[in-house]
Amino acid sequence: MTDPSPPPDAANIMAVVHEAVGGIELEPAEKREIWQFAQHELPYLWSQRTSYFILGSYRDPYIRRLRAVQNELTKQLGAYPFIMGDLLELPTERLNTFDIMFSLLATYSDYIVGVFEKEGGGEAPELGEIDDPPYFDKSYVFPRDYAWVTDANLTSKHHVTQAALEIAFTDELKQDEVHSKIDALVDRAQESGIDVTEKEVWDVIDDRAVEGDEPAKYSWVHLNKFRKFELHAQCFPWSAEEELRTAVSELPSPTPRPEWEARNEP
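Read on for an overview of the structure.

With that settled, the discussion passes to the overall build of the protein. Scanning the protein from terminus to terminus reveals eleven helices and four strands. For the protein, the proportion of its 266 residues judged to be buried stands at 44%. In the structure as shown, the protein presents an accessible area of about 14100 Å², 51% of it carried by carbon and sulfur atoms.

Below is the structure:
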């Protein structure tokens, strides 16, 4: 079989790879595998379509939410949404394969979309990768049940609902304490001018209780990273899958490439 030749932008690709592996010397066979991956997957990212690199857990039921995001983006003309688990995998055994693939895909994608529902799993280090340069500016996060809730930040129905869910699913509280705290929460929200009723809040709580679906819980580190994205208008919290599907419309839409690209095509 003929060895794959270096792809376009080979020097920059290898710079990304060397950063991902910590600068160690690559063996010839490893370089061939990397070229093969680059030639197979990166042309989709260099195409006229707008690429969305979707991050999140591949385990069920979380993978269903990733597919929901992918399906919503696929409806947009000119979009190429993809999940790394669907792509060609680097077969090398010596190298840190995930870091290489992630770095190449994140570097050459137009946008990075992270869907988070828990603090553990492979999506946790992915969050740590995208909250700083060079990926932060093109990254958007969709954390389930996230709300930066303080009295000063109780500014929307979403904040009220998330705070109520936290109260309702706290094991240390008795049922009458739960009702008292949620009633007080709703009263405080209404006094602040938020259009929310006790029935709306309890409907959400009851739906989650019937499904046995407790609110997502995150570490303090996760919450602070989500807050950073939120402050930059790159965070879109959700509770139900339908809300997630709707929130996807907030992502930058596929846009035509500049005219100079079309003029310079062979």
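A separate point is the sheet that holds strand β1 (residues 50-55). Strand order in the open sheet made by the four strands is β2-β1-β3-β4, with parallel pairing throughout. Two strands lie at the open edges of the sheet, namely β2 (79-83) and β4 (139-143), each paired on one side alone. Adjacent strand axes in the sheet meet at a mean angle of 20 degrees, parallel and antiparallel pairs treated alike. One ladder, built from four bridges, connects β1 with strand β3 (residues 111-116); its direction is parallel. Each bridged residue has a counterpart across the sheet, and for Leu55 the counterpart in β3 is Gly114. Where helix α3 (residues 62-74) meets the sheet, its contacts fall on β1, β2 and β3, and the angle it forms with β2 comes to roughly 165 degrees. The strands touched by helix α4 (residues 97-108) are β1, β2 and β3; relative to β1, the strand with the most contacts, the crossing angle is about 140 degrees.

It is worth spelling out the side chain of Arg65 at this point. Within the secondary structure, Arg65 sits in helix α3. In this view, Arg65 contacts Val115, Glu117, Arg144, Trp238, Glu241 and Leu244; residues no more than four positions away in its chain are not counted.

Another point: the pairing of β4. Looking along a regular strand, one sees the side chains alternate between the two faces of the sheet. Most of β4 sits out of view: five of its five residues are buried. Side chains Ser139, Val141 and Pro143 project from β4 onto one buried face, and the interleaved Tyr140 and Phe142 project onto a second face that is buried too. With five bridges connecting them, β3 and β4 associate as parallel partners. Looking across to β4, one finds that Val115 is bridged to Phe142. Running through helix α5 (residues 123-130), the crossover from β3 to the neighbouring parallel element β4 is right-handed.

Moving on: the layout of surface pockets. Its boundaries defined by the atoms lining it, the largest pocket holds a volume of some 380 Å³. Residue lining of the largest pocket: 20 residues in total, with Val204, Arg208, Ser239, Ala240 and Glu243 positioned closest to the centre. Taken together, the elements giving at least two residues each to the lining of the largest pocket come down to α6 (157-168), α8 (198-211) and α10 (241-247). Within the lining of the largest pocket, the residues separate by chemical class into six nonpolar, four polar and ten charged.

What the rule picks out here adds up to 15 aromatic pairs. With a centroid separation of 6.4 Å and an interplanar angle of 20 degrees, the aromatic rings of Tyr140 and Phe236 are classed as stacked. One end of the pair, Tyr140, is in strand β4; the other, Phe236, is in the loop between α9 (220-231) and α10, with 96 residues separating them in the sequence. Taking the relative accessible area as the measure of exposure, Tyr140 reaches 12% and is therefore buried. With a centroid separation of 5.5 Å and 70 degrees between ring planes, the pair formed by Tyr146 and Phe226 is classed as edge-to-face. Note that Tyr146 is positioned in the loop between β4 and α6 and Phe226 in helix α9, a separation of 80 residues in sequence.

Here we come to the pairing of β1. Within β1, six of the six residues are buried, leaving the element largely enclosed by the surrounding structure. With burial as the criterion, each face of β1 is covered, one bearing Thr50, Tyr52 and Ile54 and the other bearing Ser51, Phe53 and Leu55. Two elements, β1 and β2, share five bridges in a ladder whose sense is parallel. Paired with Phe53 across the strands is Phe82, a residue of β2.

What sets the pattern is the α-helix's 3.6 residues per turn: residues three or four places apart point alike. Spanning twelve residues, α4 covers 17 Å between terminal C-alpha atoms, matching the ideal 16 Å at 1.5 Å per step. The buried fraction of α4 amounts to nine of the twelve residues, a majority that puts the element mostly inside the structure. Taken together, the buried positions of α4 are Thr97, Ile100, Met101, Phe102, Ser103, Leu104, Leu105, Ala106 and Tyr108. In the core, the buried residues of α4 are packed alongside α1 (10-20), α2 (28-45), β1, β2, β3 and α5.

Conventions and cut-offs
Residues numbered from 1 in each chain as written. Predicted model: local features only at pLDDT ≥ 70, side-chain atom pairs only at ≥ 80, totals over all residues. Heavy atoms only, no water. Helix = DSSP H or I, 4+ residues; strand = E, 2+ residues; numbered from the N terminus. Buried < 20%, exposed > 50% of the residue type's maximum accessible area, 1.4 Å probe, protein only. Areas by Shrake-Rupley, 256 points an atom, 1.4 Å probe, with all protein chains shown as cover. Pairing = 2+ DSSP bridges. Axes fitted to C-alpha atoms, helices over the stretch in contact; angles between N-to-C directions. Contact = heavy atoms within 4.5 Å. Right-handed = clockwise from strand over helix to strand, strands pointing away. 1 Å grid on protein atoms, 1.4 Å probe; cavity = no way out; pocket = protein on both sides within 12 Å on 5 of 7 lines; lining within 4 Å. Points joined across faces, edges and corners; volume = space filled by probe spheres on them. Nonpolar A, V, L, I, M, F, W, Y, C, P; charged D, E, K, R; others polar. Phe/Tyr/Trp six-rings, centres within 6.5 Å; stacked < 30°, edge-to-face > 60°. Expected span 1.5 Å × (residues − 1).

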